[in-house]
Amino acid sequence: MDISNKKHFLTVKDHSVSKEIFELYYDENLDMLVTHPQPSLDVLGKYYESEDYISHTDGKRSLFEKAYHFVKSIALKNKLDLINSLQPAKGRILDIGAGTGDFLSVAKQNGWETIGVEPSEKAKAIASKKGVAFVEETRTLENQSFDVITMWHVLEHVPDLDFQIKELKRLLKPNGSLIIAVPNFKSFDAKHYGAFWAAYDVPIHFWHFSKKAIKLLFEKENIQLEKVLPMKFDSFYVSLLSEKYKSGKMNFIKASFVGLWSNWKAKGSFEYSSHIYVLKNN
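Residues numbered from 1 in each chain as written. Predicted model: local features only at pLDDT ≥ 70, side-chain atom pairs only at ≥ 80, totals over all residues. Heavy atoms only, no water.

Here we look at the overall build of the protein
Selection rule: What counts as a helix is a DSSP run of H or I of at least four residues, what counts as a strand is a run of E of at least two, and both are numbered from the N terminus. Only C-alpha atoms enter the radius of gyration, while the globule expectation follows 2.2 Å times N to the 0.38, with N the number of residues. Contacts: residue pairs with any heavy atoms within 4.5 Å of one another. In short, Shrake-Rupley with a 1.4 Å probe defines the accessible areas, and a residue's cover is counted only from the protein chains shown. None of His or the chain ends enter the tally, which takes Lys and Arg as positive and Asp and Glu as negative. Charge positions come from single atoms, namely NZ of Lys, CZ of Arg, CG of Asp or CD of Glu.
Each helix and strand in the protein was counted, giving nine helices and 10 strands. In terms of overall size, the protein behaves like a compact globule, its C-alpha atoms giving a radius of gyration of 18 Å where 282 residues would be expected to give roughly 19 Å. For the protein, the C-alpha atoms occupy an extent of roughly 50 × 45 × 45 Å along the three principal directions. Counting contacts in the protein only where the partners sit at least 6 residues apart, residues at least 24 apart contribute 71% of the total. For the protein, the exposed area adds up to about 13,300 Å²; of that, 55% sits on carbon and sulfur atoms. One finds the centroid of the 38 positive side-chain charges in the protein at a distance of 6 Å from the centroid of its 35 negative side-chain charges.

Here it is, written out as structure tokens:
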């Protein structure tokens, strides 16, 4: 990653696994941040080796995890309603970074033909027990074979961003829908917590997007941004983790206040902690 033409933005720490220090650089043209250095693929896996990496487990060991899964059940219904509103006739859906398979499981029960991609063998094993089918990589899938492709908090993890966007273009049917959910470094909670903001999640988050960045990146492949939706629960979840990184413990009261205030501020700025981007293939 060439950072010679990018401005230094922030120094951040991998709080969850390695405790190593990383730098964030600002790409002015795209209005996004880039993590530096970015780990090579042969060592990337070790940065995911955390019991706190909650999307790769169905665990409910703590109040925090129980709350996470309760919120997830609400989010799953909202996600299903969204894809049904975009493609009421249903069809084929691909979920990249499917985790433990809950989204594809509910989509399948709702009449969708589903397939997933997930690099974590642990998560994939859990998902397979729910009847979720997988392919090892998207390269094996046919051109223009999906009505909907989803990436729920996954695009920021992709090492080769240009290839991934081209691959999404290849796989989507004409007029197919693409749904991307990513954190927003321009949110109030990001600014409030600074280097302790949990959604920076270096180095496994390679990229940190703004609304402008998503629009410009996908326009290159003639995929148009249609609308941006808020993920209001994310401000609370991220603030809880950020409090833990900042003070060593989850301060539920303080985190709840920051989460509420972040959502309130976003009513005017529309800079929520995370956004869902709905894009259409032309």
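Here we look at the nonpolar core
Heads up, the rule is: Among buried residues, those of type Ala, Val, Leu, Ile, Met, Phe, Trp, Tyr and Cys that are joined through side-chain atoms within 4.5 Å constitute a nonpolar core. Burial here depends on accessible area, computed with a 1.4 Å probe over protein chains only, as a share of the maximum for the residue type. Under 20% is buried, over 50% is exposed, and the range in between is partly exposed.
Membership of the largest hydrophobic core comes to 52 residues, with the highest contact counts inside it found for L94, I149, L155, L178, I180, F209 and F218. Beyond its immediate stretch of four places on either side in the chain, F218 contacts L155, I165, L168, L178, I180, I223 and L279. Within the second largest apolar cluster, 21 residues are counted, among which are F103, L104, A107 and I276.

Some details on the pattern of salt bridges
To keep it simple, the criterion reads: What makes a salt bridge here is a side-chain nitrogen of Lys or Arg within 4 Å of a carboxyl oxygen of Asp or Glu, nothing more.
By the definition in use, this model includes 12 salt bridges. Close ionic contact of K166 with E221 constitutes a salt bridge, the shortest N to O distance being 3.5 Å. Taken together, the positions of K166 in helix α5 (residues 161-171) and E221 in the loop between α7 (211-219) and β9 (223-230) put the pair 55 residues apart, joining distant regions of the chain.

Topic: helix α4 (residues 121-128)
Let me state the cut-off plainly: Each direction from the helix axis to a C-beta atom contributes to the arc, which is the arc of those directions.
All buried positions along α4 are accounted for by A123, K124 and A127. Each buried residue of α4 lies within a common arc of 100° when the element is viewed along its axis, so the set occupies one face. Counted as exposed and oriented over 90 degrees from the buried face of α4: E121 and K122.

Description of the sheet that holds strand β1 (residues 7-13)
How we decide: By the convention used here, strands pair only if DSSP detects at least 2 bridges between them.
Here four strands make up an open sheet; going across it, the order is β1-β2-β3-β8 and the pairing antiparallel. The sheet is open, and its two borders are formed by β1 and β8 (207-208), each paired with just one other strand. The pairing of strand β3 (residues 32-36) with β8 spans two bridges and is antiparallel. Among the inter-strand pairings, V34 is bridged to a residue of β8, identified as W207.

In short, the description is geometric, and any link to function would need to be established separately.
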